[in-house]
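Geometric and topological summary
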Amino acid sequence: GESVGLHLPTLSVQEGDNSIINCAYSNSASDYFIWYKQESGKGPQFIIDIRSNMDKRQGQRVTVLLNKTVKHLSLQIAATQPGDSAVYFCAENGGDYKLSFGAGTTVTVRA
Amino acid sequence: GAGVSQSPSNKVTEKGKDVELRCDPISGHTALYWYRQSLGQGLEFLIYFQGNSAPDKSGLPSDRFSAERTGGSVSTLTIQRTQQEDSAVYLCASSSGPNAFFGQGTRLTVV
């Protein structure tokens, strides 16, 4: 079946550097994508979203890029901080409001 | 309330016992989701309620699992005759649009 997946399970980044987390999706009907951040012992928290009619959206220190041609989504975190250490999930909404999640990428920030 | 509330936060039960997990969604949110998250894994969809429509139960792993949503608000996830493989964090989320807001989860341990 169609699913959302992540390219890499872990990412180690030096504090202050930029982070890039990647996500591949296969449902061409998906029209809405979300990045969530999950810290240890907590539920996932919304970071940023993007609709399929856009290819880039910026937030505070975060940017999401969407490439519909290759069905690829990425999350860029600028000037990564220790508080950015978490598991990051991408999710897609295929129009029926049922979110499908990937396995997640664990980001560890080195001091 | 200010956010999605789940109770209990932790539950230890003996194999074979039944458990009930509760979710109080954000007031006014018409959609409610249950997900399961095993240690170090992604989010596994269980069930989805949207307004007065019939719930999407396609993610329930067996007939030991069931869920209700009373009055379009509070939801209860019931697991009968629990097994050790049911041990996981059970996450509830609610939404009024394509994005979903998560609770902190209930950590279920079956011993």
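Check the entry above for the structure.
Residues numbered from 1 in each chain as written. Chains lettered and ligands numbered in written order. Predicted model: local features only at pLDDT ≥ 70, side-chain atom pairs only at ≥ 80, totals over all residues. Heavy atoms only, no water.

Description of the overall build of chain B
The criterion, for reference: The secondary structure listing takes helices from DSSP runs of H or I that are at least 4 residues long and strands from runs of E that are at least 2 residues long, numbered from the N terminus. Put simply, the radius of gyration uses C-alpha atoms, and a globule should come to 2.2 Å times the residue count raised to 0.38. For each residue, the accessible area found with a 1.4 Å probe, counting protein chains only, is set against the maximum for its type, and the residue is called buried under 20%, exposed over 50%, and partly exposed in between. The contact criterion used throughout is that any non-hydrogen atoms of two residues lie within 4.5 Å. Areas reported as accessible are Shrake-Rupley estimates using a 1.4 Å probe. Residue values count occlusion only from the protein chains shown. None of His or the chain ends enter the tally, which takes Lys and Arg as positive and Asp and Glu as negative. Charged side chains are reduced to one point each, which is NZ for Lys, CZ for Arg, CG for Asp and CD for Glu.
A count of helical and extended segments in chain B gives zero helices and ten strands. The linear arrangement of helices and strands in chain B, starting from the amino end, is β-β-β-β-β-β-β-β-β-β. In summary, chain B has a C-alpha radius of gyration of 13 Å against a globular reference of 13 Å for 111 residues, a match within 12%. Principal axes of the C-alpha set define a box for chain B whose edges measure 35 × 25 × 25 Å. Looking at the 111 residues of chain B, the share that counts as buried comes to 49%. A separation threshold of at least 6 residues defines the contact pool for chain B, and within that pool the share at least 24 residues apart is 53%. Surface summary for chain B: the accessible area is close to 5300 Å², and the carbon and sulfur share equals 45%. If the 10 positive side-chain charges of chain B are averaged to one point and the 10 negative ones to another, these points end up 3 Å apart.

Here's the deal with the sheet that holds strand 1 (residues 5–7) of chain B
All names here are of chain B. For the record, the criterion: At least two DSSP bridges between two strands are needed for those strands to be called paired. Interaxial angles span 0 to 180 degrees and are taken between N-to-C directions of axes, which are lines fitted to C-alpha atoms, for helices over the stretch in contact.
Across the sheet, which stays open at both edges, the four strands sit in the order 1-3-7-6 with antiparallel pairing between neighbours. This sheet does not close on itself; its edge strands, each paired only once, are strand 1 and strand 6 (65–69). Here the average twist between neighbouring strands, direction ignored, is 15 degrees. Note that strand 1 and strand 3 (residues 19–24) share three bridges and pair antiparallel. The residue of strand 3 that forms the bridge with serine 5 is aspartate 24.

Observations regarding the interface of chain A and chain B
Rules: Buried area: the accessible area, evaluated with a 1.4 Å probe, that two parts lose upon being put together, summed over both parts. Basic side-chain nitrogens of Lys or Arg form a salt bridge, by our definition, when they fall within 4 Å of a carboxyl oxygen of Asp or Glu. For the purposes of these results, a polar contact is taken to be a pair of N or O atoms within 3.5 Å, where, inside protein, one atom must be able to donate a hydrogen and its partner to accept one; residues adjacent in sequence count only when each atom of the pair is a side-chain atom.
At the interface, 19 residues of chain A touch 19 residues of chain B. Here chain A packs against chain B, burying approximately 1500 Å² in sum over the two surfaces, 55% of which is carbon and sulfur. There are zero salt bridges connecting chain A and chain B. At the junction of chain A and chain B, the tally comes to five residue pairs in polar contact (both at pLDDT 80 or more). When residues of the side of chain A that touches chain B are traced back to their parent elements, those giving at least two are strand 4 (32–38), strand 5 (45–51), strand 9 (86–93) and strand 10 (99–101) of chain A. When residues in the side of chain A that touches chain B are grouped by element, the largest group, four residues, is from strand 4 of chain A.

Re the pairing of strand 6 of chain B
Residues and elements named next belong to chain B. Only one face of strand 6 is buried, namely the one carrying Phe65, Ala67 and Arg69, since none of Ser66 and Glu68 on the opposite face is buried. With five bridges joining them, strand 6 and strand 7 (residues 75–79) adopt antiparallel strand pairing. Its bridge partner being in strand 7, arginine 69 is matched across the sheet by serine 75. The hairpin formed by strand 6 and strand 7 contains five residues between the paired strands, and glycine 71 there has a positive phi angle of roughly 60 degrees.

Describing unusual backbone geometry
Across the chain, the bulk of peptide bonds are trans and the bulk of non-glycine residues have phi less than zero. Between Ser7(B) and Pro8(B) the backbone carries a cis peptide bond, its omega angle lying at -10 degrees. Tracing the backbone through its elements, the reader meets Pro8(B) in the loop between strand 1 and strand 2 (10–13). If you check the backbone angles, Ala79(A) has positive phi at about 50 degrees while not being a glycine. The residue Ala79(A) is located in the loop between strand 8 (72–77) and strand 9 in this model. The backbone of Arg81(B) sits at a positive phi, close to 45 degrees, despite the residue not being glycine.

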